[in-house]
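The residues making up each chain are set out below.
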Amino acid sequence: MKRILGLLAVALFINACDDGDLTVDTIDFADVSIQKCPQKDILYKISDNKMLILAIPATTFVNDETPDNDPIEVQISGNIEVVYRQYNGTPTDDNICDVVTAATPNLSEEWNATSGTILITSTAIKTVNSTTGITQITGYRHYIVFEDIVFLKPDGTTQTYAGNSFVFGNYNATQSPLAFGFNEEAAKSTCAGDNRIFNFNSSEAFVLDLADFGTLFQNEVTTTPRTALISSTNKVVYKLFSGTINNDYFCTIPAPVTPTLNQEWTANYGDATAGTGIIEVSTTTSTPGFFLHTIRLKKVTMTKGNSDFYLGNDYLYGTIITP
């Protein structure tokens, strides 16, 4: 009788430990790079015979930096899935990315996450021109962490990481840098009775909207440049459109519906003490009766949302001619 009771106690102890909280199976992909399926919204890691999969819409990754200590939080549910797999051999992208996935190696076990939070911290990837100091954003690095995740195993038990988190890793999403394909020496466009100057090329526009227009563009040759700080009334804005634009687009009120505006970057306000955010205009004579105004932007930073890039210490915006 004592022997039977002893065996029963052992059986109950084993069953109690198999709840996923006490029997911890390690999932470790820390040293493995994230890969992405070309035609699917699937990120994955492969380590030996194991695969860790994150199915998540591409729209979840916003092309903007997240504020400090304030990551994007996404719950695992619906079309956002986390799956852990084991195979009887080393899998490849053919086992996850193809429309018809490869039959080998064979899948030996699969865990599906039933709940948990995905934390995404995004930072801009930038390149710097060593000569001009101009920076360009070439993509965004998304740091992904799983928190309080619960996996359902094939035998019906769960593997729980309550109160814990583990790192999925960095997913680098590339993007085409802003072209800034302006011809600095080309004549800039304006609208009648307007204090705006437009530098545009194809789908790009670089607009100055200046309350100090009359002060900056006087028909007198300068010995020292005229300057104004970028402010709420002296605006510098870069715009990227979905299609080609022309001067009529800016001079039409209200603005045309197409092409649509895809991106808008606004220059940070200037600081006289720091010598940043300065609009500078130098004037010389052009042909008889005309004046040539050369516009430069000094130490200007452009911002959209939480992201920014630097135009360099001395950016040549271009020239305009006034009679």
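Residues numbered from 1 in each chain as written. Predicted model: local features only at pLDDT ≥ 70, side-chain atom pairs only at ≥ 80, totals over all residues. Heavy atoms only, no water.

A. Structural detail: the pattern of salt bridges. Taken as a whole and assessed by the stated rule, the structure comprises 6 salt bridges. Between D194 and R196 there is a salt bridge; the shortest N-O distance is 2.7 Å. For R196, a relative accessible area of 21% gives the class partly exposed. A salt bridge links D314 to R296; the shortest N-O distance between them is 2.8 Å. Here D314 is found in strand 19 (residues 314-322), whereas its partner R296 is found in strand 16 (residues 291-298), with 18 residues between them in sequence. Here D314 falls in the partly exposed class, since its relative accessible area comes to 40%. We classify R296 as partly exposed; its relative accessible area is 26%. (Salt bridge = Lys/Arg side-chain N within 4 Å of Asp/Glu carboxyl O. Buried < 20%, exposed > 50% of the residue type's maximum accessible area, 1.4 Å probe, protein only. Helix = DSSP H or I, 4+ residues; strand = E, 2+ residues; numbered from the N terminus.)

B. Layout of the state of the cysteines. For the structure on display, the rule yields 2 disulfides. Each sulfur in the disulfide pair C37 and C97 lies 2.1 Å from the other. Between C37 and C97, the disulfide has an S-S torsion of -80° and is therefore left-handed. Of the two residues, C37 sits in the loop between strand 1 (35-36) and strand 2 (42-47) while C97 sits in the loop between strand 5 (81-87) and strand 6 (107-128), which places them 60 residues apart along the sequence. (Disulfide = S-S within 2.5 Å.)

C. Geometry of the environment of N49. Within the secondary structure, N49 sits in the loop between strand 2 and strand 3 (50-55). For the pair N49 and T132, spaced 83 residues apart in sequence, the C-alpha separation works out to 49 Å. If we skip the residues at most four places from it in the chain, N49 touches R85, Q86, Y87, G89, T90 and P91. (Contact = heavy atoms within 4.5 Å.)

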